[in-house]
Amino acid sequence: MTEQQEASEDAVMTRIGQAVILLHAGDREEARNRLGEIWSEIGEDGDSLHRCTLAHYMADAQDDPADELAWDLRALTVADGLTADGSATDGPTTDGLAGREGDALPARRPGDGPRRREPQRAVRVFYPSLHLSLAVDYVKLRRPDAARVHLARARAATGALSDDGYGNGVRAAIARLERRLAAEPGTPHRPFPEQSP
C-alpha cells in the first residue's frame, strides 16, 4: 500500500470520526447526512473495513429501528465478506444482525473496532458489538427470539475483546440485555441459544 493510499484511508476514518462526534453530541441528522455522503463516495466496492465501520455507525444515527436493522445487517454482511474472502478467517460466521437501544451499548469511538493493518483482528473485535446491536434492534422490533440468537453470538464472540474500557463496556451491555430479556414479561424463561439448559 502506498503512503498516498494510506493517507486517503486515514482521511476516510477521520471523516467518519467527525460525523460520530456530531452523533454523540446529539446532532443525529447532520451525522446521518455526513455518513451518507461518505457511504456514497466509497460505494459498494470501497474498502471493506471502512464500509463495515461506516454502516455500524450509520445504524446509530437512524431514528427508525427497521432502518437501524438494515444498516447493522449491512455491517455484518461486510464483516462476513471479509471472513469469507480470507482477509479475516477467525471471525464467526453469521446470518444477520440488528440494532441499538439508547444506553444498552457503550459509546463507540472512531478508534474502536477495525484497524487498517490488522483486518483479521479488526473483524473479530467487531463481532460482539455487531451482534449486540442486532439483538437490541430485534428487541425494539419485538422479536425476542431473534434477539436471543444474536445476544448468544455476541457473548460467544467476546473472547476477541480486550480487557479495556471498550471491551468491558460491550461485555456489560451484553449482560444487561441478557437480564432484560430474562425478565421480559410474557417471555418464557429458557436458556439463550447456544447455552446448555
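Just so we're clear, the structure is a prediction, and the values are computed from it rather than from any experiment.

Asker: Which residues make up the packing of aromatic side chains, and what are the values?
Answerer: Taken as a whole and judged by the stated rule, the model has one aromatic pair. Relative to W71, the ring of W39 lies with its centre 5.0 Å away and its plane at 85 degrees, an arrangement referred to as edge-to-face. Placement of the pair is W39 in helix α2 (residues 28-42) and W71 in helix α4 (residues 65-84), with a sequence separation of 32 residues. Here W39 falls in the buried class, since its relative accessible area comes to 13%. Above the ring of W71, the side-chain terminus of R74 is found at 4.2 Å from the ring centroid.

Asker: Give me the lowdown on the pattern of salt bridges, citing residues and values where you can.
Answerer: Under the counting rule described, the total for this entry stands at seven salt bridges. Its salt-bridge partner being E41, residue R15 comes within 2.6 Å of it at the nearest N-O pair. Highlighted residues: R15 in helix α1 (residues 3-24) and E41 in helix α2, separated in sequence by 26 residues. Of the residues examined, R15 reaches a relative accessible area of 30% and is grouped as partly exposed. Relative accessible area serves as the criterion here: at 52%, E41 is assigned to the exposed category. Where salt bridges share partners, they join R28, R32 and D63 into one cluster.

Asker: I'd like to hear about the confidence of the model for the protein, residue by residue, with values.
Answerer: On average, residues of the protein score 79 in pLDDT, and 69% of them are at 70 or above. Low pLDDT, under 50, characterises residues 86-117; the predicted model gives this stretch 122 contacts beyond four residues in sequence or across chains. The low-confidence segment residues 188-197, where pLDDT is below 50, has 17 contacts with residues more than four positions distant or belonging to other chains.

Reading guide: rules and limits
- Residues numbered from 1 in each chain as written.
- Predicted model: local features only at pLDDT ≥ 70, side-chain atom pairs only at ≥ 80, totals over all residues.
- Heavy atoms only, no water.
- Phe/Tyr/Trp six-rings, centres within 6.5 Å; stacked < 30°, edge-to-face > 60°.
- Helix = DSSP H or I, 4+ residues; strand = E, 2+ residues; numbered from the N terminus.
- Buried < 20%, exposed > 50% of the residue type's maximum accessible area, 1.4 Å probe, protein only.
- Lys NZ or Arg CZ within 6 Å of the ring centre and 35° of its normal.
- Salt bridge = Lys/Arg side-chain N within 4 Å of Asp/Glu carboxyl O.
- pLDDT = per-residue confidence, 0-100.
- Contact = heavy atoms within 4.5 Å.

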